[in-house]
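Listed below are the residues making up each chain.
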Amino acid sequence: TQLLEQSPQFLSIQEGENLTVYCNSSSVFSSLQWYRQEPGEGPVLLVTVVTGGEVKKLKRLTFQFGDARKDSSLHITAAQPGDTGLYLCAVIYGNKLVFGAGTILRVKS
Amino acid sequence: DTEVTQTPKHLVMGMTNKKSLKCEQHMGHRAMYWYKQKAKKPPELMFVYSYEKLSINESVPSRFSPECPNSSLLNLHLHALQPEDSALYLCASSQDPSTSGYVETQYFGPGTRLLVL
């Protein structure tokens, strides 16, 4: 089984719609990160969450760390074509950065 | 400057060729990483260098040979690769090696897209 389960795997939506991506685990983590990777580029860090229940906002993106620090969500409001990409959650496990399987988001104009 | 540069951007090689991928950072980071990424999949860790010493090798085949000539440079030497080695190879760096379960911020380069024929 995967350490981090991400859902959905694929998401294709129209511009202006809202969406939520989930990252779940049965393990507890001291921190969790979200990355976005655009085609032809490397992943870029969006946020690090460290406190259970923490909510962080980055423009139209809202990140939440679960109270038990086992899961996280990423909510995008009024999605735009520029939000298209691969969204990855990641944690440190065994001194290595381990990624979830990712969510491929396509926002159509 | 938070940039990690990688060269070349694209590489096509035959199974008998020898080539090298290069990575450079000037952020003073002491940890550098190689990842392999297949299409629509997450990056998979290959190697970690910590203070210029190899600290993690994720059981990578010996046809991949990493090298860290100094704290700013990381190379990946390729020899006798197989077609299934075709992938995006990403380099990353972080201030310090990740320890104690806290996620250090890793800065990724744009990658080298490798095609093995």
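Right, let's walk through the structure included here. Please read these numbers as outputs of a predicted model, since none were measured by experiment. Each residue is numbered by its place in its chain's sequence as written, counting from 1. Lettering of chains starts at A and numbering of ligands starts at 1, both following the order in which they are written. For a predicted model such as this one, the threshold for reporting local features is a pLDDT of at least 70, and the threshold for listing and counting side-chain atom pairs is 80 or more; totals across whole chains, interfaces and linings nevertheless cover every residue. Heavy atoms from the whole structure form the basis of all side-chain values; hydrogens and water molecules are not counted.

Considering the overall build of chain A
And then number 1: Secondary structure elements follow DSSP: runs of H or I of four or more residues count as helices, runs of E of two or more count as strands, with numbering from the N terminus. Assigned secondary structure in chain A consists of 0 helices and 11 strands.
And then number 2: Secondary structure elements of chain A occur, N-terminal to C-terminal, as β-β-β-β-β-β-β-β-β-β-β.
And then number 3: Within these notes, the globule rule equals 2.2 Å times the number of residues to the 0.38 power, and the radius of gyration is based on C-alpha atoms. In terms of overall size, chain A behaves like a compact globule, its C-alpha atoms giving a radius of gyration of 13 Å where 109 residues would be expected to give roughly 13 Å.
And then number 4: Projected onto its principal axes, the C-alpha coordinates of chain A cover approximately 40 × 25 × 20 Å.
And then number 5: Going through the 109 residues of chain A one by one, you find that 45% of them count as buried.
And then number 6: Intrachain contacts of chain A at a sequence separation of at least 6 include 52% that bridge at least 24 residues.
And then number 7: A residue counts as positive if it is Lys or Arg and as negative if it is Asp or Glu; His and the chain ends are not included. Lys charges are placed at NZ, Arg charges at CZ, Asp charges at CG and Glu charges at CD. The centroid of the 10 positive side-chain charges in chain A is displaced by 3 Å from the centroid of its 9 negative side-chain charges. Categorising residues by exposure relies on relative accessible area from a 1.4 Å probe, with only protein chains included: less than 20% of the type maximum marks a residue as buried, more than 50% marks it as exposed, and the intermediate range marks it as partly exposed. Note on contacts: a residue pair qualifies if any of its non-hydrogen atoms lie within 4.5 Å across the two residues.

Quick notes on the environment of V12 of chain B
Residues and elements named next belong to chain B.
And then number 1: Note that V12 resides in strand 2 (residues 10-13).
And then number 2: As for V12 and S86, which are separated by 74 residues in sequence, their C-alpha atoms are 9.1 Å apart.
And then number 3: Not counting chain neighbours up to four residues away, the residues in contact with V12 comprise L115 and L117.

Section: the interface of chain A and chain B
And then number 1: Contacts between the two partners involve 23 residues from chain A and, on the opposite side, 24 residues from chain B.
And then number 2: Any Lys or Arg side-chain nitrogen located within 4 Å of an Asp or Glu carboxyl oxygen qualifies as a salt bridge. Where chain A touches chain B, the interface holds 1 salt bridge.
And then number 3: E58 of chain B is paired through a salt bridge with K96 of chain A; the nearest N and O atoms lie 2.9 Å apart.
And then number 4: Side-chain atoms alone can form a polar contact between residues adjacent in sequence; in general such a contact is a pair of N or O atoms within 3.5 Å, and within protein one must be able to donate a hydrogen while the other accepts it. On the surface where chain A and chain B come into contact, there are 2 residue pairs in polar contact (both at pLDDT 80 or more).
And then number 5: If you tally residues by element for the side of chain A that touches chain B, the top one is strand 9 (residues 85-93) of chain A, at 4 residues.
And then number 6: When its residues are assigned to classes, the side of chain A that touches chain B shows 12 nonpolar, 9 polar and 2 charged. Classification used: nonpolar for Ala, Val, Leu, Ile, Met, Phe, Trp, Tyr, Cys and Pro, charged for Asp, Glu, Lys and Arg, polar for all others including Gly.

Re the state of the cysteines
Between two cysteines, a covalent bond joining their sulfur atoms is known as a disulfide.
Residues and elements named next belong to chain B.
And then number 1: When two cysteine sulfur atoms are found within 2.5 Å, that pair is recorded as a disulfide. Scanning all chains against the criterion turns up 2 disulfides over all chains.
And then number 2: Here C23 is linked by a disulfide to C91, with a sulfur-sulfur distance of 1.8 Å. Judged by the sign of its S-S torsion, about -70 degrees, the bond between C23 and C91 is left-handed. With C23 in strand 3 (residues 18-25) and C91 in strand 9 (residues 87-94), this residue pair connects regions lying 68 residues apart in the sequence.
And then number 3: By relative accessible area, C23 is classed as buried at 1%.
And then number 4: The exposure class of C91 is buried, given its relative accessible area of 0%.
And then number 5: Distance from the sulfur of C68, which forms no disulfide, to the nearest cysteine sulfur (C23) is 9.3 Å.

What about the sheet that holds strand 6 (residues 55-58) of chain A?
All names here are of chain A.
And then number 1: Ordered in space as 1-3-8-7-6, the 5 strands form an open sheet in which the pairing is antiparallel. With partners counted over all chains shown, the strands left at the sheet margins are strand 1 (5-7) and strand 6, one partner each. Averaged over all pairs of adjacent strands, the angle between strand axes in this sheet comes to 15 degrees, irrespective of strand direction.
And then number 2: Strand direction decides the pairing type here: strand 3 (residues 19-24) and strand 8 (residues 71-76), joined by 6 bridges, are antiparallel. Bridge pairing in strand 8 links Y22 to S73. Here the rule is simple: two strands pair whenever DSSP picks up at least two bridges between them. Axis lines are fitted to C-alpha atoms, over the contacting stretch for helices. Their N-to-C directions set the angle, which ranges from 0 to 180 degrees.

So yeah, pure geometry; function would need other evidence.
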